[in-house]
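Here are the chains, one letter per residue:
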Amino acid sequence: MNEEDLPSLRSAPLSPHADRANTDKEVKDYVKERFRSAMQLMRNIAQRKSTILRTCEVIVRRQRDFLDRGVEALRP
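So, a few notes on the structure that sits alongside this text. Sequence order as written defines residue numbering, which begins from 1 separately in each chain. The predicted nature of this model means local features are confined to residues of pLDDT at least 70 and side-chain atom pairs, given and counted, to a pLDDT of 80 or more, with totals for whole chains, interfaces and linings taken over all residues. The side-chain numbers reported here are obtained from all heavy atoms of the structure, hydrogens and water having been left aside.

## Structural notes on the overall build of the protein
A run of H or I in DSSP counts as a helix once it spans at least four residues, and a run of E counts as a strand once it spans at least two, with each numbered from the N terminus. Per the secondary structure count, the protein includes two helices and zero strands. We call a residue buried when its accessible area falls under 20% of the maximum for its residue type, exposed when it is over 50%, and partly exposed in between, using a 1.4 Å probe and counting protein chains only. Within the protein, the fraction of its 76 residues that count as buried is 5%. By element, 56% of the accessible surface of the protein is carried by carbon and sulfur atoms, the whole surface being about 6800 Å². A 1.4 Å probe and the Shrake-Rupley method give the accessible areas. Residues count as covered only by the protein chains that appear here.

## Let's talk about the pattern of salt bridges
Note that side chains of opposite charge can pair when their charged atoms are close. A side-chain nitrogen of Lys or Arg and a carboxyl oxygen of Asp or Glu constitute a salt bridge if their distance falls within 4 Å. This structure, assessed with the given rule, holds three salt bridges. As a salt-bridge pair, Glu33 and Arg36 come within 3.2 Å of each other at their nearest N and O atoms. A residue pair is termed a helical-turn pair when its members lie 3 or 4 positions apart in one helix, as Glu33 and Arg36 do in helix 1 (residues 25-62) at three residues. Taking the shortest distance from any N to any O, the salt bridge between Asp68 and Arg64 comes out at 3.8 Å. Of the two residues, Asp68 and Arg64 both sit in helix 2 (residues 64-69), four residues apart, roughly one turn of that helix. Among the residues examined, Arg64 registers a relative accessible area of 40% and is labelled partly exposed.

## Observations regarding a nonpolar patch on the surface
Together, Leu9, Leu41 and Ile45 make up an exposed nonpolar region whose accessible area comes to about 280 Å². Note on placement: Ile45 falls in helix 1. Patch membership is restricted to residues that have no salt bridge and whose relative accessible area is over 30%. Joining uses 9 Å for like charges and 5 Å for the nonpolar side chains Val, Leu, Ile, Met, Phe, Trp and Tyr.

## Re the side chain of Gln63
Looking at where Gln63 falls in the secondary structure, it is placed in the loop between helix 1 and helix 2. If near-sequence neighbours (up to four positions away) are discounted, Gln63 is found in contact with Ala73, Leu74, Arg75 and Pro76. Here, two residues are considered to be in contact whenever any of their heavy atoms come within 4.5 Å of each other.

Any functional reading would require information that these geometric values do not contain.
Below is the structure:
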């Protein structure tokens, strides 16, 4: 898998406003939940990438002859 072709994801630090004493608790909770959600999304994307990579590796191993010689060597 060519990493250069994939967009990179990163999270910004929590807003400095989220930790201020005068910030509404509801706002703090919302920002923290959105941050947790973003982190979970990034973990899910990494897991999906890993799964796709492993799947491709198995297909290439199993279908090596097809990839080298063409359709007549395709395995079911």
